[in-house]
There are 2 protein chains.
Amino acid sequence: MGLSERIDKAVTDAVTIGQGGVAPRQLSAALTYATTPGGARIRPTILTSVAMACGDDQPQITDAAAAALELIHCASLVHDDLPCFDDAATRRGKPSVHRAYGEPLAVLTGDSLIVLAFEVLAKVAPLDPMRSAQLVLTLARRTGMPGGICAGQGWESEPEIDLRAYHRSKTGALFIAATQMGAISAGQEPEEWEELGARIGEAFQVADDLRDALYDSQTLGKPVGQDDLHGRPNAVAELGVDGAIRRLTDILSGAISSIPSCPGEAKLAHMVRMQAERLTPVITPATRRA
Amino acid sequence: MGLSERIDKAVTDAVTIGQGGVAPRQLSAALTYATTPGGARIRPTILTSVAMACGDDQPQITDAAAAALELIHCASLVHDDLPCFDDAATRRGKPSVHRAYGEPLAVLTGDSLIVLAFEVLAKVAPLDPMRSAQLVLTLARRTGMPGGICAGQGWESEPEIDLRAYHRSKTGALFIAATQMGAISAGQEPEEWEELGARIGEAFQVADDLRDALYDSQTLGKPVGQDDLHGRPNAVAELGVDGAIRRLTDILSGAISSIPSCPGEAKLAHMVRMQAERLTPVITPATRRA
């Protein structure tokens, strides 16, 4: 089984836990709708790659961690798309969850996916209770307040934004969770893995800004120009397109050199390079919107 | 320190964890707004009473469990009050969170409180990692899908409602969590504590139906007649006021006789009786809304 099949199976198995027995059918269906087909599954791919670089001695724990992280990411997309935030009509090329199922079920889908993420982590506790608890703690800190993606979204309601805290929590948090949870899954200490996650997060933010500035909504499968529209800070506005691309390259080099010493270090560096190529937008005159 | 002070302190300490360091100020304030001053804190009171009846040998774990359960309850109130659900203007005698802070921060407040609940449980893992994991698992099952309060709310979007599953998940789930998490906190197996929680939950549902039918919104501090308005099933509509009161008394007797054998059994029975008196509405002609 390849890496992407392994991750898809972990996510599907996790969602199934939330659908057993007598359950309301539409909310049940919405959990699947919100999580499949996946996007790039970039966060669980990083998590699993780090775990493998560290030996992956408890693959069931790694799979639970990868699934939990992806569920949180999917939950954040569902809630961010709500009318009171981005009011996005589409996501991943299909109607957003609130457009397909209505707003009440979209709120509940996000809530249920958040809860399910922690349930999945607790279920592997019999294999190693302290790893399970460390995973819950790390995921919670990177998801909630004061330093997780909830905080990141919360900054957008402030009259004055602390830009560093904003980017770190809004986009960086789940990438830091990815590298740290990968290390924890394989029995390693998470601290020295924070920098890699933070740098990948910065790279992703710049790449997202570039995509948002350069691509049309059909290519992206979601509305473009959202940052402009909502007055959010943006690397392209700050540095220009060429400057933002240079910045992206610099950050990714830094990410690779920050990889802690581990058995699978070379392979992990290769994975980061591959993700980097995926992130770097292909700039052609056709993709520039004036 | 009395029981209610102990619980208030546990909740306040838990909320503080979500507010440390550099955090968006309004969301931070909303976490406090949504959790204080508390209502009756009935769920954590039951949880702590059960733990004490079982010896309460790890009071820090009990406090974490009580706080986590109350955070989930508060989160559910914030999300249930949103315009797409009950659209409630008031809660506990003050503006609902979305009226006070706006809808985006209300969604994020609920999300953050859910995440914080699991963080609080993971933080006590060094004291006893398996109790911590069991608490995460039990709280998640009673909060999410397919059997928790998210499922309960999800049933309201179905064309046909499974009434037993609806009541069990909508109101019962967090009372079952209360008794089971109390037992787990004190190192006991949770299974035999399910019935007590389920019965208290049924009693609470009937009492809530009675209050909803009989009281005005000023007495309740929240809008009344919501069940009628939203077409939700209701014990008063089914049995009449006197029938519903008889049913409440029966359920509470059943609850008391279901208490498992434990060192503090008598004291726990007394607590359930006291909660019962609190629940049973005082019926006078003035409180009847003809």
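What you see is a predicted model; the values in this text were computed from it and never measured.

**Q** I tried to follow the overall build of chain A on my own but got confused; where do I start?
**A** Within chain A one finds 14 helices and 2 strands. In summary, chain A has a C-alpha radius of gyration of 18 Å against a globular reference of 19 Å for 290 residues, a match within 12%. Principal-axis analysis of the C-alpha atoms gives chain A an extent of 55 × 50 × 40 Å. Out of the 290 residues belonging to chain A, those deemed buried represent 59%. Considering only contacts in chain A between residues 6 or more positions apart, those separated by 24 or more positions represent 69%. Once the 27 positive and 36 negative side-chain charges of chain A are each reduced to a mean point, those two points are 4 Å apart.

**Q** What's the story with the relation of the copies chain A and chain B in this structure? I'm lost.
**A** The operation linking the two copies of the chain is a rotation about an axis combined with a translation along the axis. Overlaying chain A with chain B gives an RMSD of 0.0 Å, the required rotation being 180° about an axis along which the chain moves by 0.0 Å. Between the two chains, the operation in question is that of a two-fold axis. By C-alpha distance to the rotation axis, the residue of chain A lying nearest is Pro129(A), at 2.7 Å. Taken together, the interface assignments show that 100% of the residues at the interface of chain A recur at the interface of chain B, consistent with an identical surface on both copies.

**Q** Help me understand the state of the cysteines in this model?
**A** Summed over all chains, the structure comprises 0 disulfides over all chains. Considering cysteine sulfurs only, Cys150(A) is the nearest to Cys74(A), which forms no disulfide, with 15 Å between them. In this structure Cys262(B) is a free cysteine whose sulfur lies 4.9 Å from that of Cys54(B), the closest cysteine sulfur available.

**Q** Got a minute to help me understand empty space enclosed by the protein in this structure?
**A** Where empty space is left becomes clear once a probe the size of a water molecule has been rolled over the atoms. Residue and element names in this part refer to chain B. The final tally for this structure, using the stated rule, is 3 cavities of 30 Å³ or more. Its boundaries defined by the atoms lining it, the largest cavity holds a volume of some 120 Å³. In terms of lining residues, the largest cavity is bounded by 15 residues, among which Tyr33, Ala34, Val78, Arg91 and Val97 are the most central. The set of elements that each furnish at least two residues to the lining of the largest cavity consists of helix 2 (25-35), helix 4 (59-80) and strand 2 (94-95).

**Q** I'm lost on helix 10 (residues 194-214) of chain A in this one. Help?
**A** Between the first and last C-alpha of helix 10 of chain A there are 30 Å, a value that for 21 residues agrees with the 30 Å anticipated at 1.5 Å per step. Extensive coverage of helix 10 of chain A is indicated by the burial of 15 of its 21 residues.

**Q** Got a minute to help me understand the interface of chain A and chain B in this structure?
**A** Accessible area lost when the parts come together is the quantity often used to give the size of an interface. Facing the 52 residues of chain A at the interface are 52 residues of chain B. Both sides together, the interface formed by chain A and chain B hides about 4,300 Å², and carbon and sulfur atoms give 74% of it. When the buried area of chain A at its contact with chain B is split by residue, Pro24(A), Val115(A) and Met145(A) rank highest and sum to 15% of it. Across the chain A-chain B interface, the total number found is 2 salt bridges. As a salt-bridge pair, Arg141(B) and Glu119(A) come within 3.8 Å of each other at their nearest N and O atoms.

**Q** For this particular structure, what's the right way to read the packing of aromatic side chains?
**A** We describe a pair of aromatic rings using the distance from one ring centre to the other and the angle between the two ring planes. All names here are of chain B. Enumeration over the complete set of coordinates arrives at 5 aromatic pairs over all chains. A centroid spacing of 4.9 Å and a plane angle of 45° characterise the contact between phenylalanine 175 and phenylalanine 204, whose relative ring orientation is tilted. Linking phenylalanine 175 in helix 9 (residues 163-185) with phenylalanine 204 in helix 10 (residues 194-214), this pair joins segments that are 29 residues apart in sequence. The exposure classification of phenylalanine 175 matches that of phenylalanine 204, with both residues buried. A cation over an aromatic ring shows up here: arginine 43 above the ring of phenylalanine 204, its NZ or CZ 5.2 Å from the ring centre.

**Q** Any chance you could explain the pattern of salt bridges here in plain terms?
**A** Residue and element names in this part refer to chain A. With the rule as written, the count across this model stands at 32 salt bridges over all chains. Among the salt bridges present, the one from arginine 41 reaches aspartate 8, with a minimum N-O distance of 2.9 Å. Of this pair, arginine 41 sits in the loop between helix 2 (25-35) and helix 3 (42-53) while aspartate 8 is found in helix 1 (residues 3-17), placing the two residues 33 residues apart along the sequence. Put simply, Asp8, Arg41, Glu70 and Arg92 are held in one network by salt bridges that share partners.

**Q** What's the story with the side chain of Gln180(A) in this structure? I'm lost.
**A** Residues and elements named next belong to chain A. Mapped onto the secondary structure, glutamine 180 falls in helix 9 (residues 163-185). With a relative accessible area of 7%, glutamine 180 lands in the buried category. Beyond its immediate stretch of four places on either side in the chain, glutamine 180 contacts Thr138, Arg142, Pro190, Glu191, Trp193 and Glu194.

**Q** What is the right way to look at the packing of helix 7 (residues 129-143) of chain A against helix 6 (residues 103-123) of chain B in this model?
**A** The axes of two packed helices give the description: the angle between them and the distance between them. One can describe the packing of helix 7 of chain A onto helix 6 of chain B by two numbers: an axis separation of 8 Å at closest approach and a directional angle of 145°. For the crossing formed where helix 7 of chain A meets helix 6 of chain B, the hand is left-handed. On helix 6 of chain B, the residues touching Ala133(A), Val136(A), Leu137(A), Ala140(A), Arg141(A) and Thr143(A) of helix 7 of chain A are Val115(B), Phe118(B), Glu119(B), Ala122(B) and Lys123(B). Residues belonging to the contact of helix 7 of chain A with helix 6 of chain B are distributed by class as follows: 7 nonpolar, 1 polar and 3 charged.

**Q** I'm lost on the nonpolar core in this one. Help?
**A** Ranked by size, the top nonpolar core spans 178 residues in total, and within it Phe118(A), Leu139(A), Trp193(A), Phe118(B), Leu139(B), Trp193(B) and Leu210(B) carry the most contacts. Filtering out sequence-adjacent residues up to four positions away, Trp193(A) remains in contact with Val50(A), Cys54(A), Thr179(A), Gln180(A), Ala183(A), Ile259(A), Pro260(A), Cys262(A) and Leu268(A).

**Q** Explain the packing of helix 10 of chain A against helix 13 (residues 235-257) of chain A here, please?
**A** Residue and element names in this part refer to chain A. It is the contact of helix 10 with helix 13, at a shortest axis distance of 9 Å, that shows an interaxial angle of 150°. Judged by the twist between their axes, the crossing of helix 10 over helix 13 is left-handed. Contacts from Leu196, Arg199, Ile200, Glu202, Ala203, Val206, Ala207, Asp209, Leu210, Ala213 and Leu214 in helix 10 reach Ala235, Val236, Val241, Ala244, Ile245, Arg247, Leu248, Ile251, Leu252, Gly254 and Ala255 in helix 13. Looking at the contact of helix 10 with helix 13 residue by residue, the class counts come to 17 nonpolar, 1 polar and 4 charged.

**Q** Even after reading the chapter, I still don't get unusual backbone geometry, so can you show me in this structure?
**A** Glycine aside, negative phi is the norm for most residues, and most peptide bonds take the trans geometry. Cis peptide bonds are those with omega within 30 degrees of zero, and the linkage from Thr36(A) to Pro37(A) qualifies with -15°. A positive phi angle, near 50°, is found at Arg41(A), a position not held by glycine. Overall, the relative accessible area of 7% leaves Arg41(A) in the buried class. A positive phi angle is found at Asp87(B), which is not glycine, with a value near 50°. We classify Asp87(B) as partly exposed; its relative accessible area is 39%.

**Q** Quick question: what am I supposed to make of the environment of Phe85(B) here?
**A** All names here are of chain B. With respect to the helices and strands, phenylalanine 85 occurs in the loop between helix 4 and strand 1 (90-91). Relative accessible area serves as the criterion here: at 10%, phenylalanine 85 is assigned to the buried category. Each C-alpha atom of the pair phenylalanine 85 and glutamine 153 lies 9.1 Å from the other, and the pair is 68 residues apart in sequence.

Conventions used here
- Residues numbered from 1 in each chain as written.
- Chains lettered and ligands numbered in written order.
- Predicted model: local features only at pLDDT ≥ 70, side-chain atom pairs only at ≥ 80, totals over all residues.
- Heavy atoms only, no water.
- Helix = DSSP H or I, 4+ residues; strand = E, 2+ residues; numbered from the N terminus.
- Rg over C-alpha atoms; globule rule 2.2 N^0.38 Å.
- Buried < 20%, exposed > 50% of the residue type's maximum accessible area, 1.4 Å probe, protein only.
- Contact = heavy atoms within 4.5 Å.
- Lys, Arg positive; Asp, Glu negative; His and termini not counted.
- Charge placed at Lys NZ, Arg CZ, Asp CG, Glu CD.
- Least-squares fit on C-alpha atoms with pLDDT ≥ 70 in both.
- Disulfide = S-S within 2.5 Å.
- 1 Å grid on protein atoms, 1.4 Å probe; cavity = no way out; pocket = protein on both sides within 12 Å on 5 of 7 lines; lining within 4 Å.
- Points joined across faces, edges and corners; volume = space filled by probe spheres on them.
- Expected span 1.5 Å × (residues − 1).
- Buried area = accessible area lost by both parts, 1.4 Å probe.
- Salt bridge = Lys/Arg side-chain N within 4 Å of Asp/Glu carboxyl O.
- Phe/Tyr/Trp six-rings, centres within 6.5 Å; stacked < 30°, edge-to-face > 60°.
- Lys NZ or Arg CZ within 6 Å of the ring centre and 35° of its normal.
- Axes fitted to C-alpha atoms, helices over the stretch in contact; angles between N-to-C directions.
- Left-handed = near helix turned anticlockwise from the far one by under 90°.
- Nonpolar A, V, L, I, M, F, W, Y, C, P; charged D, E, K, R; others polar.
- Core = buried A, V, L, I, M, F, W, Y, C linked by side-chain atoms within 4.5 Å.

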